[in-house]
Amino acid sequence: QQQVKQSPQSLIVQKGGISIINCAYENTAFDYFPWYQQFPGKGPALLIAIRPDVSEKKEGRFTISFNKSAKQFSLHIMDSQPGDSATYFCAASIRETSGSRLTFGEGTQLTVNP
Amino acid sequence: DGGITQSPKYLFRKEGQNVTLSCEQNLNHDAMYWYRQDPGQGLRLIYYSQIVNDFQKGDIAEGYSVSREKKESFPLTVTSAQKNPTAFYLCASRYRTGTGNTEAFFGQGTRLTVV
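Predicted model, so just to flag it, every value in this text is computed and none were measured.

Draft legend 1. Inspection of the nonpolar core at higher detail. If you look at the biggest cluster of nonpolar residues, it comprises 25 residues, and the most contacted ones within it are Phe30(A), Phe33(A), Trp35(A), Phe73(A), Leu75(A), Tyr88(A) and Leu110(A). Put simply, the parts of the chain that give this core at least two residues each are strand 2 (10-14), strand 3 (19-25), strand 4 (33-38), strand 5 (45-50), strand 7 (62-67), strand 8 (72-77), strand 9 (86-96) and strand 11 (108-113) of chain A. Element by element, the count of residues in this core is highest for strand 9 of chain A, at 5 residues. Apart from the residues within four sequence positions on either side, Phe33(A) is in contact with Tyr25(A), Ile48(A), Ala49(A), Ile50(A), Pro52(A), Ile64(A), Phe66(A), Phe73(A), Ala91(A) and Ala92(A). Grouped together as the second largest cluster of nonpolar side chains are 20 residues, Ile4(B), Leu11(B), Ile46(B) and Ala61(B) included.

Draft legend 2. Spatial organisation of the sheet that holds strand 7 (residues 64-66) of chain B. Residues and elements named next belong to chain B. Taken together, the 4 strands give an open sheet; going across it, the order is 1-3-8-7, and neighbouring strands pair in antiparallel fashion. If you trace the sheet from one side to the other, it starts and ends with strand 1 (4-7) and strand 7, each paired once. Across the sheet, the mean angle from the axis of one strand to that of its neighbour is 20°, orientation sign disregarded. Of the pairings in the sheet, the one linking strand 1 to strand 3 (residues 19-25) comprises 4 bridges and is antiparallel in character. Counted as the bridge partner of serine 7 is serine 22 from strand 3.

Draft legend 3. The arrangement of the interface of chain B and chain A in detail. Each partner contributes residues to the interface: chain B has 26 residues there, and chain A has 23 residues. Contact between chain B and chain A buries roughly 2,000 Å² in total, counting both sides, with carbon and sulfur atoms accounting for 45%. Scanning the region where chain B abuts chain A turns up 1 salt bridge. One salt bridge in this structure joins Asp59(B) and Arg101(A), with 2.7 Å as the shortest N-O distance. Scanning the region where chain B abuts chain A turns up 6 residue pairs in polar contact (both at pLDDT 80 or more). At 4 residues, strand 5 (residues 43-51) of chain B tops the list of elements feeding residues into the side of chain B that touches chain A. Per-class residue counts for the side of chain B that touches chain A are 9 nonpolar, 13 polar and 4 charged.

Draft legend 4. Molecular detail of the side chain of Ser93(A). For Ser93(A), the position within the fold is in strand 9. Among the polar contacts made by the side chain of Ser93(A), one reaches the side chain of Arg94(B) at a distance of 3.3 Å.

Draft legend 5. Just a nonpolar patch on the surface, in detail. Residue and element names in this part refer to chain A. Together, Ile18, Ile20 and Met78 give the surface a local cluster of nonpolar side chains, amounting to about 240 Å² of exposed area. Relative to the helices and strands, isoleucine 20 is located in strand 3. On the basis of relative accessible area, isoleucine 20 is assigned to the partly exposed category, the value being 36%.

Draft legend 6. Main features of the sheet that holds strand 3 of chain A. Residue and element names in this part refer to chain A. The antiparallel open sheet is built from 5 strands, whose spatial order is 1-3-8-7-6. Single-partner strands in this sheet number two, and they are strand 1 (4-7) and strand 6 (56-59). Adjacent strand axes in the sheet meet at a mean angle of 15°, parallel and antiparallel pairs treated alike. Summarising the sheet, strand 3 and strand 8 pair through 6 bridges and their orientation is antiparallel. Following the sheet pairing, isoleucine 21 is matched in strand 8 by leucine 75.

Analysis parameters
Residues numbered from 1 in each chain as written. Chains lettered and ligands numbered in written order. Predicted model: local features only at pLDDT ≥ 70, side-chain atom pairs only at ≥ 80, totals over all residues. Heavy atoms only, no water. Core = buried A, V, L, I, M, F, W, Y, C linked by side-chain atoms within 4.5 Å. Buried < 20%, exposed > 50% of the residue type's maximum accessible area, 1.4 Å probe, protein only. Helix = DSSP H or I, 4+ residues; strand = E, 2+ residues; numbered from the N terminus. Contact = heavy atoms within 4.5 Å. Pairing = 2+ DSSP bridges. Axes fitted to C-alpha atoms, helices over the stretch in contact; angles between N-to-C directions. Buried area = accessible area lost by both parts, 1.4 Å probe. Salt bridge = Lys/Arg side-chain N within 4 Å of Asp/Glu carboxyl O. Polar contact = N/O pair within 3.5 Å; in protein donor to acceptor, adjacent residues only side chain to side chain. Nonpolar A, V, L, I, M, F, W, Y, C, P; charged D, E, K, R; others polar. Patch = residues over 30% accessible without salt bridge, like charges linked within 9 Å, V, L, I, M, F, W, Y side chains within 5 Å. Areas by Shrake-Rupley, 256 points an atom, 1.4 Å probe, with all protein chains shown as cover.

Okay, structure coming up:
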């Protein structure tokens, strides 16, 4: 119920290409879906986030597509650049009586070749 | 500068020893979290706390303990009962609003190695 499944585990894209990372969830009580970017040896940083009442959100080259009926969401990176090479995590947030918690996917290691 | 400070960045521990990882935030956030990161497994929640003097177990709490005596501080103790403690540990904080969630801010992590 608390799991978020992410794919692929690794992704190699040429500069200028489109990177697509997918996530799926089961628990319909999740109400907030952020994506995080992490560089080696650093903590993750928020990239973009979406709520389930919206089907798409775009910020610069980054777009989240959200399919509520399929319980899936994806991150699209347009015009991928070598500086985008990092590990990307999707996450889902749920409010419980004890507080709000974030559950993360397994991560995707993106490599953008120059 | 506001942010989350984790210390130390690298930590070595002998088997059978307890060790405490520090996490301090000056963002005035209510909620704080500890995650463990292992290759290929994403971030797994160890403990979290919504308010001072209260905390909850996450998905992998066994072998760990926490305290929340101050809003700014949420230290994590890795006890000798944790069978495989070598990992990258991340602390995060979030603030609670009445209308919805906000982003989690992460520290730079502590890499713990058992020798």
